[in-house]
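One letter stands for each residue in the lines below.
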Amino acid sequence: MSVIGLACLLFAVGCADNQSASAPATEEVATVTQEEHDRLKTEVTYLNEELRELREYLENDPRFFLHLMDRDLNAVENGRDARGSFSDYFVPNMAKALEAGASRQEVENRLNRAIALAEREIFLSSFIARLMSEGGPDAVRSYAFGWIGQ
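Note that the structure is a prediction, hence the values are computed from the model and not measured.

Some words on the packing of aromatic side chains
Then, number 1: This structure, assessed with the given rule, holds 4 aromatic pairs.
Then, number 2: Taking 4.8 Å as the distance between ring centres and 70 degrees as the angle between the ring planes, the aromatic pair formed by Phe127 and Tyr143 counts as edge-to-face.
Then, number 3: On the basis of relative accessible area, Tyr143 is assigned to the partly exposed category, the value being 23%.
Then, number 4: Taken together, the aromatic side chains of Phe86, Phe90, Phe127 and Tyr143 make up a single cluster linked through ring pairs.

Following this line, the structure appears as structure tokens:
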């Protein structure tokens, strides 16, 4: 709920910031009292703390990073774009999953799936396509585990 509240608040603030002085005269102007401003400021501070705690929790849960990798693999397999690239998102998530306590086998399973998709010419990004064309699965594994340091 807190995250939804934060998103709504940020959207409302963003919309207010995007209004220009030359806006049509038919637009209404909202006035915020100092009390409302203070309440919203306190709420934003609270939501930021909640978000920080949630992020801290997720960063220590290997299942979260495994889920992110699975989500990207599912997306590209179903013809959608991955959330991020292989080198800037997928491989760093492999490292974070390992750091959070995932087994090497769990992480390697996701990498193997990325390679299997690439062999079918379904790529997480152009970089994995280039690695596959230059050196095949070994090049992909070498890059990923070299980046991770394992």
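Focus: the pattern of salt bridges
Then, number 1: Under the criterion given, the structure shown has 9 salt bridges.
Then, number 2: One salt bridge in this structure joins Arg113 and Glu77, with 2.8 Å as the shortest N-O distance. Linking Arg113 in helix α5 (residues 104-119) with Glu77 in helix α3 (residues 62-77), this pair joins segments that are 36 residues apart in sequence.
Then, number 3: By relative accessible area, which is 34% here, Glu77 ends up partly exposed.
Then, number 4: Here Glu108 and Arg104 are joined by a salt bridge, their closest N and O atoms 3.5 Å apart. Placement of the pair is Glu108 and Arg104 together in helix α5, with a separation of 4 residues, close to one helical turn.

Describing the packing of α3 against α5
The description of two helices packed together rests on the angle between their axes and the distance between the axes.
Then, number 1: Relative orientation of the contacting elements α3 and α5 amounts to 15 degrees, with a least axis distance of 10 Å. The orientation of α3 with respect to α5, classified from their angle, is roughly parallel. Judged by the sense of rotation from one axis to the other, the crossing of α3 with α5 is left-handed. Facing Leu66, Met69, Asp70, Leu73, Asn74, Val76 and Glu77 of α3, the residues of α5 in contact are Glu106, Val107, Arg110, Arg113, Ala114 and Leu117.
Then, number 2: Partitioned by chemical class, the residues of the contact of α3 with α5 number 7 nonpolar, 1 polar and 5 charged.

Looking at helix α4 (residues 86-100)
Owing to its 3.6 residues per turn, the α-helix brings residues three or four apart onto one side.
Then, number 1: Taking 1.5 Å per residue, 15 residues should reach 21 Å; α4 reaches 20 Å between its end C-alpha atoms and fits that length.
Then, number 2: Among the 15 residues in α4, 11 count as buried, and that is most of the element.
Then, number 3: By the burial criterion, the buried members of α4 are Phe86, Ser87, Tyr89, Phe90, Val91, Pro92, Asn93, Met94, Ala95, Ala97 and Leu98.
Then, number 4: Check the buried side of α4 and you find it contacts α3, α5 and α6 (126-148).
Then, number 5: Of the residues that open α4, the one with a side-chain oxygen 3.0 Å from the backbone nitrogen of Asp88 is Ser85.

Re the side chain of Asp72
Then, number 1: With respect to the helices and strands, Asp72 occurs in helix α3.
Then, number 2: Buried within the structure, Asp72 lacks any salt-bridge partner; its nearest side chain of opposite charge belongs to Arg71, at an N-O separation of 4.9 Å.
Then, number 3: Aside from chain neighbours lying at most four places away, what touches Asp72 is Ala82, Arg83, Gly84, Tyr89 and Leu124.

Calculation criteria
Residues numbered from 1 in each chain as written. Predicted model: local features only at pLDDT ≥ 70, side-chain atom pairs only at ≥ 80, totals over all residues. Heavy atoms only, no water. Phe/Tyr/Trp six-rings, centres within 6.5 Å; stacked < 30°, edge-to-face > 60°. Buried < 20%, exposed > 50% of the residue type's maximum accessible area, 1.4 Å probe, protein only. Salt bridge = Lys/Arg side-chain N within 4 Å of Asp/Glu carboxyl O. Helix = DSSP H or I, 4+ residues; strand = E, 2+ residues; numbered from the N terminus. Axes fitted to C-alpha atoms, helices over the stretch in contact; angles between N-to-C directions. Parallel < 35°, antiparallel > 145°, perpendicular 65-115°, else oblique. Left-handed = near helix turned anticlockwise from the far one by under 90°. Contact = heavy atoms within 4.5 Å. Nonpolar A, V, L, I, M, F, W, Y, C, P; charged D, E, K, R; others polar. Expected span 1.5 Å × (residues − 1). Polar contact = N/O pair within 3.5 Å; in protein donor to acceptor, adjacent residues only side chain to side chain. Lys, Arg positive; Asp, Glu negative; His and termini not counted.

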